Amino acid sequence: MLTISKDRFKRDYIQKFIELHGKDLDEGTNLNKYEALGSLIRDYVSRMWIETNKRYNREKEKQVYYFSMEFLLGRLLGNSLLNLGIRDVCKKALKELGVELEDLENLEQDQGLGNGGLGRLAACFLDSMASLKIPGNGCGIRYKYGFFEQKIIEGSQVESPDKWLREGNVWEIKKTDKAEVVKFGGEIKTEYIGGRLTFTHVNYEPVLAVPHDTPIVGFENEVINTLRLWSAEPVVNEFDFSSFSRGEFLKAIEYKNSVEAISQVLYPDDSFYEGKILRLKQQYFFVSAGIQSIIRHYKKHLGDLCLLNEKIAIHINDTHPTLAIPELMRILLDEEGLSWEDAWRITTNSVSYTNHTILQEALEKWPIDMFKKLLPRIFMIVEEINERFTKELWSKYEGQWDKISQMAIVGDGYVRMAHLAIVGSHSVNGVAKLHTEILKNQQMSDFYYMYPRKFNNKTNGITHRRWLIKANPKLTSLLNETIGESWIKHPTDMEKFERFKNDSFVKESLFKIKNENKQKLAKIIKDNQGIVVDTNSIFDVQVKRIHAYKRQTLNALRIMDLYNKLLENPSLDIAPRTFIFAGKAAPAYYLAKKTIELITALADKINNDPRVSDKMKIVFMENYRVSLAEDIVPATEVSEQISTTTKEASGTSNMKFMMNGAITIATLDGANVEIRDEVGDDNIVIFGLTEREVLEYYRHGKYSAWDTRNGDERLIKITDQLVNGFYHDEKDRFRIIYENLLNYNDEFFVLKDFASYIEAQEKVDKLYKNKEKWQEMSCVNIAHSGIFSSDRTIKEYATGIWGSGYLYKNL
Ligand code: 26W
């Protein structure tokens, strides 16, 4: 923990400001002030960072490398201050200088290098590894443009580039001396040298991978871990260009552009795989750079490569970094001269893999021709892995061609990344109990049968430091006053809070805190969307990527139904509700974009209807991102977790909401099941088809969306309203939604679950009207949320998969 006095901080800050900007503090803009603060904090951090690295090298503790295409960090200033233990001192010191800390924090651009759950999970994991003193490194891509910025114009999503680096990035340090060369294309020359087959890569396109390191601050423990993001640069520098002849010059420019494209932009796809060569290039680019730098560091400090897997663990976040497996093989075989057997043993014992989805359309497979041309040596290695694996299959399943070809790594013209990840690693985990069971018994059952010991579950988590302590300081104080502060380091101690579930003072405090958080959000809604919402209404929230399986449509349909009911019976006795949505649709995902249009159309019509506007309001908040989530989550009362059962691997916003006292309305999907197990049936509202029913319907295809609709008056009315111009002059604006629900037979059982969803919402309404009961439920949810801290998850990874982190026990 950094100890620093207020006066010292003031002195340091003023000096830093002058040094950086060459003027006095009172002449500076807020952006100047933010930059000076960021830069000062980085100075403080730097000393500890060097010490941490020295210690790691000295103590030679096992290092974890977490490879991920996405890291969705959000803002860093506030959390770094919190983890350093100087946020209060800094706040007071700045106040005395006439500066509001929050104003500066709000100026920071989100680092949005991820799509959604998978990227945010990686960020929570980095925070937990540092806070548990686990030597953990992130490895990814420094995209020049992160996840696109979303605007809603005339009811539709419009995307623009996320220029997050526009004003620079105070947190990163570019390490030119640690650059690596990554090779694409070309040919492989094989020859026998000294009785050994050697492989030489010739005529390749070289790309320089330049690391940018960001410090990851552990919580009050003086640990600073590293997130290393790679940026692609041409190997020749600008100066060389001028000496080229005209033809060469143009070629050189072409080369420069094609290289820079590699780290230009994050693919805005969530759960949808596209076979684009640039994406394959991105994957090999950061994986190769990362593995090369690991080996370089390892050889410098530890030496004997045969012990590699005892000293490092390589974790791959979904299949996107799977090429780590053949890349490590390549280096061990071609550059270090190990035998296939040794290289394979070291590689598989180093690598572990997490699966994050069972959606078929998200499973990565690369066309062989593309793969082979771009990565000729890697392809040879993958073929060899495949050959050896299919031989093993043959010895088990002799003559069962179908089975063998289904399980092969290379087959049907593709390289199947999930198969490569399973075969080439020692651990395969799902992200919630139900998800892992589905992997074992359905999606990957053949592999589970073959390697039962590889499969395991690690239920996701979220860092309570960002999602509770930082986002909800008032609730944090209430917890500290009632149960003490032990929960901060041991989140499961939050259970003690349950003792207060019948304490009327505590319940009143919970009510007040929620109300203040709602007021803060209401102001943001007013400022950003121009909509005035009633802070006495229920804040009912669904924020996440827009996707058919997440069923924002189901939420929209019940809003349409409620509107109809209110028009029929204006005195209907319901607690007023504000329906809050936010989330981005992949730019090419037409149905998801139409879903946004539907929600904004409901808002337009219903918000402007004076007959109902004191009972319901609909808000679609633009540009959902980590920092906006930090405002929404503490103000939420009803958390909508309504995916089609079996489809959401885990979900993590469900955990954030419960930790902040929201009541969950949910299907028994992903981690919702475990939330239910924690809080009990009385403290969550469950609805919808069970896992078994869903699987049964998919198997036998006996579901009829039309029959379901025709059997329910409410559904007849609202599905008609989708296409009769009721919500928009353009009559066919929502036709595709109608078609998907009815003529394409409602793949995600929206209509099937409708009745039970409405019933569940009526239950929510009743519960909310009983203020005592509601606060009691809220208290129980908070009390049982500690288990969903990512500290618990990371301890499970460390002990169960990585074999690292013995130190956390001594916290
Ligand atoms: C190849 C395109 C692509 C891109 C991203 C396919 C799949 C993905 C991710 C796996 C999607 C994702 O973010 N999955 C989410 O991961 C979270 C963290 O484990 C889970 O909580 C969510 O349920 C899961 O949807």
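- In the nomenclature of an unreviewed UniProt entry, the chain corresponds to Alpha-1,4 glucan phosphorylase from the organism Clostridium intestinale URNW.
- Quoted verbatim from the Sequence similarities (unreviewed entry) field of UniProt, the annotation for the chain is "Belongs to the glycogen phosphorylase family."
- Listed under Catalytic activity (unreviewed entry) in UniProt, the entry text for the chain is "[(1->4)-alpha-D-glucosyl](n) + phosphate = [(1->4)-alpha-D-glucosyl](n-1) + alpha-D-glucose 1-phosphate".

Topic: the packing of aromatic side chains
Line of reasoning, step 1. Applying the stated rule across the entire model yields 24 aromatic pairs.
Line of reasoning, step 2. Taking 5.3 Å as the distance between ring centres and 65 degrees as the angle between the ring planes, the aromatic pair formed by F125 and Y797 counts as edge-to-face. Linking F125 in helix α6 (residues 117–131) with Y797 in helix α34 (residues 790–802), this pair joins segments that are 672 residues apart in sequence.
Line of reasoning, step 3. A residue is classified by how much of its surface remains accessible, and Y797, at 0% relative accessible area, is buried.
Line of reasoning, step 4. An aromatic cluster is defined as three or more aromatic residues linked by ring pairs; in this entry it consists of Y66, F125, Y797 and W802.
Line of reasoning, step 5. Sitting over the face of the ring of F184, K281 holds its NZ or CZ atom 5.5 Å from the ring centroid.
Line of reasoning, step 6. Sitting over the face of the ring of F726, K605 holds its NZ or CZ atom 4.4 Å from the ring centroid.

Considering the sheet that holds strand β17 (residues 414–416)
Line of reasoning, step 1. Here 3 strands make up an open sheet; going across it, the order is β15-β17-β16 and the pairing antiparallel. The open sheet has two free edges, formed respectively by β15 (365–367) and β16 (410–411), since each of these has just one partner strand.
Line of reasoning, step 2. Looking at chain direction, β16 and β17 are connected through 2 bridges and run antiparallel. In the sheet register, G411 faces β17, and the bridge partner there is Y414.

Structural notes on the sheet that holds strand β21 (residues 577–582)
Line of reasoning, step 1. Taking strand neighbours across the sheet as the criterion, the 6 strands line up as β22-β21-β20-β23-β24-β25 in an open arrangement whose pairing is parallel. On the outer flanks of this sheet lie β22 (616–621) and β25 (685–686), each paired with one strand and no other.
Line of reasoning, step 2. Pairing geometry for β21 and β22, over 6 bridges, is parallel. Paired with F579 across the bridge in β22 is I618.
Line of reasoning, step 3. The sheet strands contacting helix α22 (residues 504–529) are β20 (538–543), β21 and β22, and the helix crosses β22 at an angle near 70 degrees.
Line of reasoning, step 4. Sitting on the sheet, helix α24 (residues 590–607) touches β21 and β22, and the angle it makes with β22 is about 140 degrees.

Re the pairing of strand β11 (residues 205–217)
Line of reasoning, step 1. Taken across its 13 residues, β11 has 11 buried, putting it largely inside the fold.
Line of reasoning, step 2. Judged from the 2 bridges that link them, strand β7 (residues 173–174) and β11 form a sheet pairing that is antiparallel. From the neighbouring strand, K174 faces β11, where its bridge partner is H212.
Line of reasoning, step 3. Sheet topology note: the strand β8 (residues 180–184)/β11 ladder contains 5 bridges and is antiparallel. Across the sheet, K183 pairs through a bridge with P206, a residue of β11.
Line of reasoning, step 4. Here β11 runs beside strand β12 (residues 224–234); their pairing, made up of 11 bridges, is antiparallel. Each bridged residue has a counterpart across the sheet, and for V207 the counterpart in β12 is P234.
Line of reasoning, step 5. Between β11 and β12, which pair antiparallel one after the other, the connecting turn spans 6 residues, and E220 there sits at a positive phi close to 45 degrees.

Regarding helix α33 (residues 771–783)
Line of reasoning, step 1. Helix length check: α33, at 13 residues, gives a terminal C-alpha distance of 18 Å against a target of 18 Å (1.5 Å per residue), a fit within 8%.
Line of reasoning, step 2. Most of α33 is tucked away: 10 of the 13 residues are buried.
Line of reasoning, step 3. Listed in full, the buried residues belonging to α33 are W774, Q775, E776, M777, S778, C779, V780, N781, I782 and A783.

Considerations on the site of the ligand
Line of reasoning, step 1. In the vicinity of the ligand, 21 residues are found, and the nearest of them are H356, N460, E648, S650 and G651.
Line of reasoning, step 2. The side chain of N460 places a nitrogen or oxygen atom 2.9 Å from an oxygen atom of the ligand.
Line of reasoning, step 3. Protein chains shield 97% of the accessible area of the ligand, which is 570 Å² for the free molecule.
Line of reasoning, step 4. Broken down by element, the residue count for the shell around the ligand peaks at 3 residues, all from α6.
Line of reasoning, step 5. Of the residues that constitute the shell around the ligand, the class distribution is 8 nonpolar, 7 polar and 6 charged.

What to know about unusual backbone geometry
Line of reasoning, step 1. Phi is positive for T646, close to 90 degrees, though the residue is something other than glycine.
Line of reasoning, step 2. Tracing the chain through its elements places T646 in the loop between β23 (638–641) and α26 (653–659).
Line of reasoning, step 3. One non-glycine residue, D746, adopts positive backbone phi at about 50 degrees.
Line of reasoning, step 4. Residue position: D746 is located in the loop between α31 (735–741) and α32 (750–769).
Line of reasoning, step 5. For D746, a relative accessible area of 2% gives the class buried.

What about the UniProt feature "modified residue: N6-(pyridoxal phosphate)lysine" (unreviewed entry) in the chain?
Line of reasoning, step 1. In the UniProt entry, the feature "modified residue: N6-(pyridoxal phosphate)lysine" (unreviewed entry) is given for K656.
Line of reasoning, step 2. Mapped onto the secondary structure, K656 falls in helix α26.
Line of reasoning, step 3. The class of K656 is buried, set by a relative accessible area of 9%.
Line of reasoning, step 4. In contact with K656, other than residues within four places in its own chain, are R120, I462, W467 and V633.

Some details on the nonpolar core
Line of reasoning, step 1. Membership of the largest hydrophobic core comes to 140 residues, with the highest contact counts inside it found for F9 and I41.
Line of reasoning, step 2. If sequence neighbours within four positions are ignored, I41 has contacts with F9, L77, L81, L84, I86 and W171.
Line of reasoning, step 3. With 66 residues, the next largest nonpolar core counts F687, I737, V750 and Y768 among its residues.

Let's talk about helix α9 (residues 277–301)
Residue pairs three or four apart in sequence face the same way in an α-helix, which turns once every 3.6 residues.
Line of reasoning, step 1. Relative to the 36 Å expected for 25 residues at 1.5 Å per residue, α9 spans 36 Å between its end C-alpha atoms, a close match to the ideal helical length.
Line of reasoning, step 2. Most of α9 is tucked away: 18 of the 25 residues are buried.
Line of reasoning, step 3. Phi turns positive one or two residues past the end of α9, at G303, with a value near 85 degrees.

Details of a nonpolar patch on the surface
Line of reasoning, step 1. A cluster of nonpolar side chains, F249, L250 and I253, forms an exposed patch at the surface whose accessible area comes to about 230 Å².
Line of reasoning, step 2. Within the secondary structure, L250 sits in helix α8 (residues 246–260).
Line of reasoning, step 3. Residue L250 is classed as partly exposed on the basis of its relative accessible area of 46%.

Calculation notes
- Residues numbered from 1 in each chain as written.
- Predicted model: local features only at pLDDT ≥ 70, side-chain atom pairs only at ≥ 80, totals over all residues.
- Heavy atoms only, no water.
- UniProt positions renumbered as here; feature names shortened; annotations may be inferred.
- Phe/Tyr/Trp six-rings, centres within 6.5 Å; stacked < 30°, edge-to-face > 60°.
- Helix = DSSP H or I, 4+ residues; strand = E, 2+ residues; numbered from the N terminus.
- Buried < 20%, exposed > 50% of the residue type's maximum accessible area, 1.4 Å probe, protein only.
- Lys NZ or Arg CZ within 6 Å of the ring centre and 35° of its normal.
- Pairing = 2+ DSSP bridges.
- Contact = heavy atoms within 4.5 Å.
- Axes fitted to C-alpha atoms, helices over the stretch in contact; angles between N-to-C directions.
- Expected span 1.5 Å × (residues − 1).
- Near = heavy atom within 4 Å.
- Polar contact = N/O pair within 3.5 Å; in protein donor to acceptor, adjacent residues only side chain to side chain.
- Areas by Shrake-Rupley, 256 points an atom, 1.4 Å probe, with all protein chains shown as cover.
- Nonpolar A, V, L, I, M, F, W, Y, C, P; charged D, E, K, R; others polar.
- Core = buried A, V, L, I, M, F, W, Y, C linked by side-chain atoms within 4.5 Å.
- Patch = residues over 30% accessible without salt bridge, like charges linked within 9 Å, V, L, I, M, F, W, Y side chains within 5 Å.
- Salt bridge = Lys/Arg side-chain N within 4 Å of Asp/Glu carboxyl O.

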